[in-house]
Amino acid sequence: MPDLFDIVGPVMIGPSSSHTAGAARIGKAARMLLSGAPKKASVGLCGSFQKTYQGHGTDKALIGGMLNMDIDDPRLRDSRELAGEAGFQVDFYSATVRNAHPNTVVIDLSDDAGRSVNLRAASVGGGEIRIQEIDGHETKITGHANTLVIHYLDKYGMIANITHEIAAARINIAAMLVSRTVLGGGAMVALEIDGEADAGLTEKLSALENVYSVAYLKFTNDRQEG
Amino acid sequence: MDTIHALLEAGKRYGSISKAAAAWQAKEAQASEASVTQTMRGRLIVMKESLKEGLNPDLRSVSGRVGGNAAKLFTAADTELYGITAKAGAYALAIAENNACMGKIVAAPTAGSCGILPGVLIAAQESLGLPDDALVDAMFLAAAVGRVIALQATVSGAEGGCQAECGSAAAMAAAAYVHLMNGTDEQAIGACGFVLMNSMGLVCDPVDGLVEIPCVYRNAAGAAQALCAAQMALAGLTCPLDVDCLIAAMKDVGTALPPSLRETGEGGCAACGG
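Residue indices begin from 1 for each chain and proceed along its sequence in written order. Here chains are named by letter from A upward and ligands by number from 1 upward, in the order in which they appear as written. Given that this is a predicted model, residues contribute local features only at a pLDDT of at least 70 and side-chain atom pairs are listed and counted only at 80 or more, while totals for whole chains, interfaces and linings are drawn from all residues.

Participant: Would you mind going over the overall build of chain B in detail, with residue names and values included?
Facilitator: Within chain B, the regular secondary structure consists of 13 helices and one strand. Under the scheme used here, helices are H or I runs from DSSP no shorter than 4 residues and strands are E runs no shorter than 2 residues, and both carry numbers assigned from the N terminus. Along chain B, from the amino end to the carboxyl end, the secondary structure elements read α-α-α-α-α-α-β-α-α-α-α-α-α-α. This radius of gyration counts C-alpha atoms alone. The globule rule is 2.2 Å times how many residues there are, raised to the power 0.38. In terms of overall dimensions, chain B is globule-like: its C-alpha atoms have a radius of gyration of 17 Å, near the 19 Å expected for 274 residues. Reported as C-alpha extents along the three principal axes, the dimensions of chain B are approximately 50 × 40 × 40 Å.

As structure tokens, this is what we get:
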């Protein structure tokens with residue numbers, strides 16, 4: 001349900017809520033999934049993104065997001081230059097994903113420390129985004145709530161151990177989506193939470209046995225900012 | 001607050017739709033009315049900065065097709081001949097051009113239609129000598145109207161055509177202007193109705209799929225459309241059709257539009273450009 005600041009708002013860099021603001025949000029989400037500053041990105045644009053990205057500044061918005069910029073950051077315009085200065089190398093290519101939303105992007109992002117993430121996301125209109133796949137795991141992250149994304153070994157008791165830590169931090173889970181590729185292989189859970197997770201919680205989760213990685217996606221609330 | 005009828009009822013209880021809207025937003029955001037008013041004031045400041053940037057004659061979009069025309073229109077603006085419409089149209093174009101050129105804007109209700117509401121508001125402020133707070137008050141009314149349209153129909157060009165974007169923006173601006181002129185809530189809603197009636201069926205047909213042509217010029221036209229509707233309402237003309245029904249009809253018309261006329265860059269103006 002939209003509120004009044006969704007109607008007179010958000011404050012954003014133009015020209016398009018789907019092709020610019022949504023793209024910046026996807027870029028920022030990719031950075032948060034990597035849990036740090038990226039050094040290299042390979043970005044595949046599908047459909048309308050591929051056809052109109054230059055005129056809409058979709059490329060600049062995606063890069064800006066990956067450089068941690070929000071949708072109202074005027075530096076989005078110069079993000080290609082800023083990426084160059086930061087030693088962040090980005091390549092774009094034309095991608096095809098079957099039955100995908102017209103505004104779909106696939107991103108491979110990596111840093112110097114050996115971390116990497118692969119994701120598929122769509123900008124579905126009005127600046128709304130959906131992260132649909134992370135490292136081969138189907139998911140559905142909307143950015144409406146802060147989200148923990150945890151990779152772990154598919155084994156009994158893992159979800160119990162993870163949710164136990166979240167409960168101990170007195171945090172309520174609003175939505176949870178578990179996905180695995182093969183039985184007993186790598187699994188992933190995306191947990192939308194009420195409120196915020198602190199560094200203490202992500203450390204505790206990372207320290208759990210058979211947890212491979214923990215990413216915390218703290219989404220900017222565009223509604224209430226002046 | 002989900003229908004026009006409900007807005008009018010809430011307006012009676014709170015003294016005006018704009019007061020009811022501010023109270024509703026405060027409750028929704030679990031914040032004080034002072035805080036949501038401050039947020040809205042912040043939006044107005046961005047709108048004014050965006051106007052300044054948009055009047056730069058050297059502004060150009062990435063494609064090079066848009067930018068700098070608002071400066072031309074503003075320089076030639078003849079308020080004696082065209083009244084407030086001269087400025088409102090130039091201002092709406094300026095902000096829409098700034099959007100096309102990756103400037104900072106306030107979506108109202110969308111990025112593609114972002115010039116209309118501020119164009120009318122700021123032109124009205126200058127010609128009537130109004131304080132910012134009067135504009136902020138009118139923005140709550142405009143937002144409440146836009147929210148009803150978003151809930152009951154759509155404000156997305158890809159779903160409903162340009163009637164849903166520039167049409168909704170002009171309906172919001174018309175209501176805001178009536179409010180600034182001390183018109184009643186009924187008159188403000190009547191002005192919305194006139195806009196919705198007169199923009200029914202407007203298609204979304206951007207050349208090459210970019211928010212440039214005809215979008216920026218439709219913002220200028222939307223400002224004029226809003227002021228025309230507001231004048232009719234302020235003169236005592238009542239909208240002959242129910243506004244909730246017009247919103248539902250706009251949705252149906254949007255659904256009936258072929259995909260080529262819903263932001264795909266194929267039909268309409270898009271067929272003549274590129």
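Participant: Tell me about the overall build of chain A, and name the residues and values.
Facilitator: Broken down by element type, chain A carries seven helices and 11 strands. Expected size for 226 residues packed as a compact globule is a radius of gyration near 17 Å; at 17 Å, chain A falls within 12% of this value. With respect to the principal axes defined by its C-alpha atoms, chain A has extents near 50 × 40 × 35 Å. Restricting the contact set of chain A to residue pairs at least 6 apart, pairs at least 24 apart contribute 68%. The contact rule is simple: place each C-beta atom from the backbone, and if two of them lie within 7 Å, those residues are in contact.

Participant: Any chance you could break down the sheet that holds strand S2 (residues 40–45) of chain A for me, citing the residues and the numbers?
Facilitator: Residue and element names in this part refer to chain A. Pairing between strands requires that DSSP locate at least two bridges from one strand to the other. Read across the sheet, six strands follow the order S3-S2-S4-S5-S6-S7 without closing on themselves; strand pairing throughout is mixed. The open sheet is flanked by strand S3 (89–94) and strand S7 (137–141), the only strands paired with a single partner. The mean angle between the axes of side-by-side strands here comes to 20 degrees, regardless of whether they run parallel or antiparallel. Note: strand S6 (residues 128–134) against S7, three bridges, orientation antiparallel. Note on S7: the bridge partner recorded for Ile134 is His137. Across the sheet, helix H2 (residues 17–34) lies against strand S4 (104–110), strand S5 (116–125) and S6, angled at about 155 degrees from S5, the strand it touches most. Note on definitions: angles span 0 to 180 degrees between N-to-C directions of axes, and those axes are lines fitted to C-alpha atoms, for helices only across the stretch in contact.

Participant: Residue-level account of the nonpolar core, with values.
Facilitator: Of all hydrophobic cores here, the largest spans 168 residues; its most connected members are Val120(B), Ala142(B), Ala173(B), Ala174(B), Ala175(B), Ala176(B) and Ala226(B). A per-element tally of this core places helix H10 (residues 162–180) of chain B first, with 14 residues. Bear in mind that the domain bounds are from an automatic or database domain assignment. Residues from two domains meet in this core; each of domain 1 (1–134) and domain 2 (144–226) of chain A gives at least three. Excluding residues that lie within four positions of it along the chain, Ala173(B) makes contacts with Ile116(B), Leu117(B), Val120(B), Ala142(B), Ala223(B) and Ala226(B). Buried Ala, Val, Leu, Ile, Met, Phe, Trp, Tyr and Cys residues whose C-beta atoms connect them within 7 Å together make up a nonpolar core. Partly exposed residues are those falling between the two cut-offs: more than 12 but fewer than 20 other C-beta atoms within 10 Å of their own, whereas 20 or more means buried and 12 or fewer means exposed, with C-beta atoms placed from the backbone.

Participant: Account for the sheet that holds strand S9 (residues 173–180) of chain A, naming residues and giving values.
Facilitator: Residue and element names in this part refer to chain A. Judged by pairing direction, the sheet is antiparallel, and its four strands sit side by side in the order S9-S10-S8-S11 without closing on themselves. Unpaired on one side and paired on the other, S9 and strand S11 (211–217) mark the two borders of the sheet. Direction aside, the axes of adjacent strands within the sheet are offset by 15 degrees on average. Note: strand S8 (residues 147–153) against S11, six bridges, orientation antiparallel. Looking at the pairing, Val149 lines up with Ala215 of S11. Across the sheet, H2 lies against S8 and S11, angled at about 145 degrees from S11, the strand it touches most. The sheet contacts of helix H7 (residues 199–207) involve S8 and S11, and relative to S11 the element is tilted by about 160 degrees.

Participant: Any chance you could break down the domain arrangement of chain A for me, citing the residues and the numbers?
Facilitator: All names here are of chain A. Entries for chain A in the domain assignment read domain 1 (1–134) and domain 2 (144–226). The C-alpha centroid of domain 2 is placed 23 Å from the C-alpha centroid of domain 1. With 12 residues of domain 1 at the interface, the matching set in domain 2 holds 10 residues. The set of elements that each furnish at least two residues to the side of domain 1 that touches domain 2 consists of helix H1 (4–7) and H2. Taken together, the residues that form the side of domain 1 that touches domain 2 break down as seven nonpolar, two polar and three charged. All amino acids are sorted into three groups, where Ala, Val, Leu, Ile, Met, Phe, Trp, Tyr, Cys and Pro are nonpolar, Asp, Glu, Lys and Arg are charged, and the leftover types, Gly among them, are polar.

Participant: How would you explain H2(A) if you had to name every residue and give the values?
Facilitator: What sets the pattern is the α-helix's 3.6 residues per turn: residues three or four places apart point alike. Residues and elements named next belong to chain A. Given a rise of 1.5 Å per residue, 18 residues ought to cover 26 Å, and the 24 Å separating the end C-alpha atoms of H2 matches this to within 8%. In this scheme, the bend at a residue equals the angle between the axes fitted to the seven residues that finish there and the seven that begin there. The largest bend in H2 amounts to roughly 25 degrees and is located at Ala23. Among the 18 residues of H2, 18 are classified as buried, and the element is accordingly described as predominantly covered. One or two steps after H2, the chain reaches Ser35, where phi turns positive at roughly 65 degrees. Helices are assigned an expected span. That span is 1.5 Å times one less than the residue count.

Participant: Describe the interface of chain B and chain A, and please don't skip the residues or the numbers.
Facilitator: Facing the 39 residues of chain B at the interface are 29 residues of chain A. Here the side of chain B that touches chain A takes eight residues from helix H8 (residues 132–152) of chain B, the largest share from any one element. Per-class residue counts for the side of chain B that touches chain A are 22 nonpolar, 12 polar and five charged. Bridging between strand S1 (residues 11–13) of chain A and strand S1 (residues 104–106) of chain B involves three bridges; their strand directions are antiparallel. Residue pairing across strands places Ile13(A) opposite Lys104(B), the latter belonging to S1(B).

Participant: Account for the environment of Ala6(B), with residues named and values stated.
Facilitator: All names here are of chain B. Structurally, Ala6 is set in helix H1 (residues 4–14). Assessed through the 15 C-beta atoms surrounding it within 10 Å, Ala6 is described here as partly exposed. As a C-alpha pair, Ala6 and Lys52 span 46 residues in sequence and 37 Å in three-dimensional space.

Participant: If you had to explain unusual backbone geometry to someone new, which residues and values would you point to?
Facilitator: Of note, the amide linkage connecting Ala108(B) to Pro109(B) takes the cis form, showing an omega dihedral of 0 degrees. One can find Pro109(B) in the loop between S1 and helix H7 (116–128). With an omega of 5 degrees, the peptide bond between Ile213(B) and Pro214(B) qualifies as cis. Backbone geometry places Asp135(A), a non-glycine residue, at a positive phi of 50 degrees. Locating Asp135(A) in the fold gives a position in the loop between S6 and S7. The phi angle at Asp208(B) is positive, at roughly 60 degrees, despite the residue not being glycine. Relative to the assigned elements, Asp208(B) resides in the loop between helix H11 (185–199) and helix H12 (215–234).

Participant: Go over the pairing of S8(A) with me, naming the residues and quoting the values.
Facilitator: All names here are of chain A. Judged by how many residues are buried, S8 sits mostly within the fold: five of seven residues are covered. With seven bridges joining them, S8 and strand S10 (residues 186–193) adopt antiparallel strand pairing. Within the sheet, the bridge partner assigned to Thr147 lies in S10 and is Glu192.

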